[in-house]
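# Reading the structure
Residues per chain are reported as follows:
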Amino acid sequence: MRPVTAYATTGTLLALTLLAGSAVAPRPAAPEPAPPPAAPRLVGYDSCAEALAGLRAAATAAVGPWGFGPGWRTGVVGDVAGPAGIAARAEAARPDGAAVAGSAAPEHSTTNSHEPGADEPDLVKTDGRRIVVVTGGVLRVMDAATRKVTGQLDLAADEPGRWWPESTLLLHGDRALVLVRPAAPEVEPAADRPAGPDRPAGPAGPRLLLVDLAARPTVVGTYRIEGSLLDARQSGSTARVVVRSQPRLSFPYDERRTDAERTAANRAVIARAGLDAWLPRYSWTAGGERHAGRVGCDRVSRPAATAGTALLTVLSFDLGAGRLGDGDPVTVASDADTVYGTGGSLYLAGANGTGWRPGWAGIRRPEAEHTDIYQFDTGGPGRPRYLAAGSVPGSLLNQYALSEWQGHLRVATTRTGPGAAGATESAVHVLARRGDRLTETGRVDGLGRGERIYSVRFLGGTGYVVTFRQTDPLYALDLTDPAAPRRTGELKINGWSAYLHPVPGDRLLGIGQEADDRGRAQGLQVSLFDVHDPARPARLARDHVPGGGSVAEFDPHAFLFDPATGLVALPLYTGGVRLLTVTDREITDLGTVAPPQGVAATRSLLVDGRLWTVSDAGLTVVDPATTRRLAWLPWT
């Protein structure tokens, strides 16, 4: 083991800040401050006829000669894109369900989720006794004590010939909810072509499988809905699944026509479309029962400025029950790409302003980008209740750019000015619910002018924002007064942190990349920041892997931290798992666990003091104190 010495004293950090600042090229002027966009409050439709008329009108206004915009594919209704704490969870809100009868389960880690009480789906879960893994289209259950596979389940057994490589799961007691994304976008079977092994019957899109783990893994319920799986959150036994769908419209393609003629033809397609083109269909099973349905008009709400090009459906499932049911759907006629959840709230957020408006000399230009946010109450079981909506300028990095605290929502965004080389500037907005509106009470502007946000972390009344272009400014923000949030400190170092994680002792761990003075990446970098004084954040230590990188930079589920021992596990792109220990003063490199058979590990977890690493080929058991491999358990 080699200790990684403290990186610099405060005085040295100041000198490094000045040197780094001198290497930064001149930056474009910041975009003019923009007033908050109007809140997109939701209203319902009074009838199916009104819903159809509204969706048609909105889609007609949004369509152009090539459809609704870049990337539109006619007739495709499946997945078009994939998705994306140290506080102890109360036993009543344990995401992995109630403890198994008998003696207490061994100590174990849980999925690194954003908020306590809102578990997130991942490819591996454990309750301390069993380890449940989904990889390569197969669910496997490993007994942690005997290190034996006690059961496995082929997730595509009921659809031979299909491949489902991207699956995640949620766990509650003896039930697992497996969320399966198709390997490729699916096209509805044509009317003159019957369904078959390569063209399944029913709605195309993600599948949900309720699996009983009490004995041999058995599917006891299924659910399928048109669209693409956006994300999910679990509080107690209730799972909320968010699905994004697009209207099933086939626009004609004829290069011989003018833009005006193509637009007119596309509008004619919209004018002929019925509600079936928009409202998602679903099917579900329980034992020998088979059911099918469609989201009802009474379940659809819309903002005043809906584009009619996407719908978001929130499904609710009780994992303690023996069936999934119809999901009790709630649908919003809007778009989103980010899901953020707490123990009592669910937020859907997405960039808007992607339509077009007339510009100079008749050129059509993108509208100013802003992010619409919808809040739902998920504090109880059953269907979520819509609470409020709001909008802020700019776009989000990911779910960590959102944080609910003491009745307020903090939102970090980056805004780009006009033109192809528009200037960028970031801000943190503080919103409060006033009736059915999320209204801005204060904001901190002027963060990282000429740069973009690379990571965000909100911890109570403090926020930390990393922006980057050539150096990494780490901004510390005081957000305790929602009417007067303010920037309190700033630290500039080379490189950037793509993920920030709190550690005991008012410390913050940054996972990212070292960079040279020109901003070029130089390899994996782990930085330990002292943030006890928000006015003077300082880096105490770092660990650097030249040329290296970790999936944890972009997927926090791959990051493991044990606050009791300070152990950090980072899967490397080269296949191994780098082990570190972190104290309040230093980072110590324990070594790298080599991948058996050269297969890269993607996750790590702790069970009863042993480190388990997960790969597509099997599980490895390691003594984290010595990095000695104790067992290699290949999949058979």
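Analysis parameters
- Residues numbered from 1 in each chain as written.
- Predicted model: local features only at pLDDT ≥ 70, side-chain atom pairs only at ≥ 80, totals over all residues.
- Heavy atoms only, no water.
- Pairing = 2+ DSSP bridges.
- Helix = DSSP H or I, 4+ residues; strand = E, 2+ residues; numbered from the N terminus.
- Disulfide = S-S within 2.5 Å.
- Buried < 20%, exposed > 50% of the residue type's maximum accessible area, 1.4 Å probe, protein only.
- Axes fitted to C-alpha atoms, helices over the stretch in contact; angles between N-to-C directions.
- Parallel < 35°, antiparallel > 145°, perpendicular 65-115°, else oblique.
- Contact = heavy atoms within 4.5 Å.
- Nonpolar A, V, L, I, M, F, W, Y, C, P; charged D, E, K, R; others polar.
- Expected span 1.5 Å × (residues − 1).
- Arc of directions from axis to C-beta.
- Phe/Tyr/Trp six-rings, centres within 6.5 Å; stacked < 30°, edge-to-face > 60°.
- Salt bridge = Lys/Arg side-chain N within 4 Å of Asp/Glu carboxyl O.
- Core = buried A, V, L, I, M, F, W, Y, C linked by side-chain atoms within 4.5 Å.
- pLDDT = per-residue confidence, 0-100.
- Polar contact = N/O pair within 3.5 Å; in protein donor to acceptor, adjacent residues only side chain to side chain.

A few words now on the pairing of strand 27 (residues 437-447). Bridge count for strand 26 (residues 424-434) against strand 27 is eight bridges, and the pairing is antiparallel. Within strand 27, the residue paired with valine 430 across the bridge is glycine 442. Counting the residues that bridge the hairpin from strand 26 to strand 27 gives two residues, and of these glycine 435 lies at a positive phi of roughly 65°.

As a further point, take the state of the cysteines. In a disulfide, the sulfur atoms of two cysteines are held together by a covalent bond. Throughout the structure, instances matching the rule amount to one disulfide. Disulfide pairing is shown between cysteine 48 and cysteine 297; the S-S distance is 2.1 Å. When the S-S torsion is 110°, as for the bridge of cysteine 48 with cysteine 297, the disulfide is right-handed. The partly exposed category is assigned to cysteine 48, whose relative accessible area is 38%. Owing to a relative accessible area of 7%, cysteine 297 belongs among the buried residues under this scheme.

A few words now on the sheet that holds strand 33 (residues 507-515). Here four strands make up an open sheet; going across it, the order is 32-33-34-35 and the pairing antiparallel. Unpaired on one side and paired on the other, strand 32 (496-503) and strand 35 (538-546) mark the two borders of the sheet. In this sheet, neighbouring strand axes are inclined to one another by 20° on average, regardless of whether the strands run parallel or antiparallel. Bridge count between strand 32 and strand 33: seven bridges; the pairing is antiparallel. Directly across from leucine 500, in strand 33, lies its bridge partner glycine 510.

This part covers the packing of helix 2 (residues 48-62) against helix 3 (residues 259-272). Two elements in contact, helix 2 and helix 3, have axes separated by 9 Å at closest approach and are oriented at 170°. Classified by the angle between their axes, helix 2 and helix 3 sit roughly antiparallel to one another. Listed contacts from helix 3 to Arg56, Ala59 and Thr60 of helix 2 are Arg267, Ile270, Ala271 and Arg272. Within the contact of helix 2 with helix 3, the residues separate by chemical class into three nonpolar, one polar and three charged.

So, on to helix 2. Helix length check: helix 2, at 15 residues, gives a terminal C-alpha distance of 21 Å against a target of 21 Å (1.5 Å per residue), a fit within 8%. Taken together, the buried positions of helix 2 are Ala51, Leu52, Leu55, Ala58 and Ala59. All buried residues of helix 2 lie within an arc of 140° about the axis, which places them on one face of the element. Summarising the geometry of helix 2, the exposed residues directed more than 90 degrees from the buried face are Ala49 and Ala61. For helix 2, the secondary structure elements touched by its buried residues are helix 3.

The sheet built from four strands is open, its strands ordered 3-4-5-6 with antiparallel pairing. Each end of this open sheet is capped by a strand with a single partner; those strands are strand 3 (124-126) and strand 6 (148-154). Averaged over all pairs of adjacent strands, the angle between strand axes in this sheet comes to 15°, irrespective of strand direction. With three bridges connecting them, strand 3 and strand 4 (residues 130-135) associate as antiparallel partners. Note on strand 4: the bridge partner recorded for lysine 125 is valine 132.

As a further point, take the packing of aromatic side chains. Under the definition given, this model contains 11 aromatic pairs. Aromatic pair tryptophan 66 and tyrosine 253: ring centres 6.1 Å apart, planes at 45°, arrangement tilted. Taking the relative accessible area as the measure of exposure, tyrosine 253 reaches 56% and is therefore exposed. Aromatic pair tyrosine 223 and phenylalanine 317: ring centres 5.2 Å apart, planes at 70°, arrangement edge-to-face. A residue pair is termed long-range when its members are at least 10 positions apart, and tyrosine 223 in strand 10 (residues 218-225) and phenylalanine 317 in strand 16 (residues 311-318) qualify at 94 residues.

Moving on, we get to the environment of alanine 232. With respect to the helices and strands, the residue alanine 232 is situated in strand 11 (residues 228-235). The class for alanine 232 is buried, based on a relative accessible area of 0%. Setting aside its immediate chain neighbours within four residues, alanine 232 contacts Asp119, Glu120, Pro121, Leu170, Leu179, Arg240 and Val241.

On to the pairing of strand 14 (residues 289-294). Pairing of strand 13 (residues 281-286) with strand 14, which is carried by six bridges, proceeds in the antiparallel orientation. Residue arginine 281 lies in a different strand from strand 14, and its bridge partner there is arginine 294. Joining the antiparallel neighbours strand 13 and strand 14 is a turn of two residues, in which glycine 287 adopts a positive phi near 60°.

Along its 14 residues, helix 3 runs 20 Å from first to last C-alpha, staying within 8% of the 20 Å computed at 1.5 Å per residue. For helix 3, the set of buried residues is Arg262, Thr263, Ala265, Asn266, Val269 and Ile270. The buried side chains of helix 3 occupy one side of the element, clustering within an arc of 160° when seen end-on. Looking at helix 3, the residues exposed on the side facing more than 90 degrees away from the buried face are Ala260 and Arg272. Of the surrounding elements, those touching the buried residues of helix 3 are helix 2.

With that settled, consider the pattern of salt bridges. With the rule as written, the count across this model stands at 32 salt bridges. Note that arginine 578 and aspartate 543 form a salt bridge whose closest N and O atoms lie 2.8 Å from each other. Of this pair, arginine 578 sits in strand 38 (residues 577-582) while aspartate 543 sits in strand 35, and the two are 35 residues apart along the sequence. Overall, the relative accessible area of 1% leaves aspartate 543 in the buried class.

With that out of the way, let us pick up the nonpolar core. Counting residues in each nonpolar core, the largest one holds 29 residues, and the members touching the most others are Ile131, Leu139, Leu155, Val178, Leu213, Trp612 and Leu619. Considering each element in turn, this core owes the most residues, four residues, to strand 4. The residues contacting leucine 619, other than those within four sequence positions of it, are Val133, Met142, Trp612, Thr613, Val614, Ala631, Trp632, Leu633 and Trp635. Core analysis: the second largest hydrophobic core is formed by 25 residues, Tyr340, Ala388, Val428 and Ile453 among them.

On average, residues of the protein chain score 83 in pLDDT, and 80% of them are at 70 or above. The model gives residues 70-102 a pLDDT under 50, and that stretch makes 82 contacts with residues more than four places away or in other chains. Within the model, the stretch residues 185-201 combines pLDDT values under 50 with 37 contacts to residues more than four positions away or in other chains.

With respect to the helices, strands and loops of the structure, serine 345 is situated in strand 19 (residues 345-352). Engagement of the side chain of serine 345 in a polar contact is seen with the side chain of glutamate 404, the distance being 3.0 Å.

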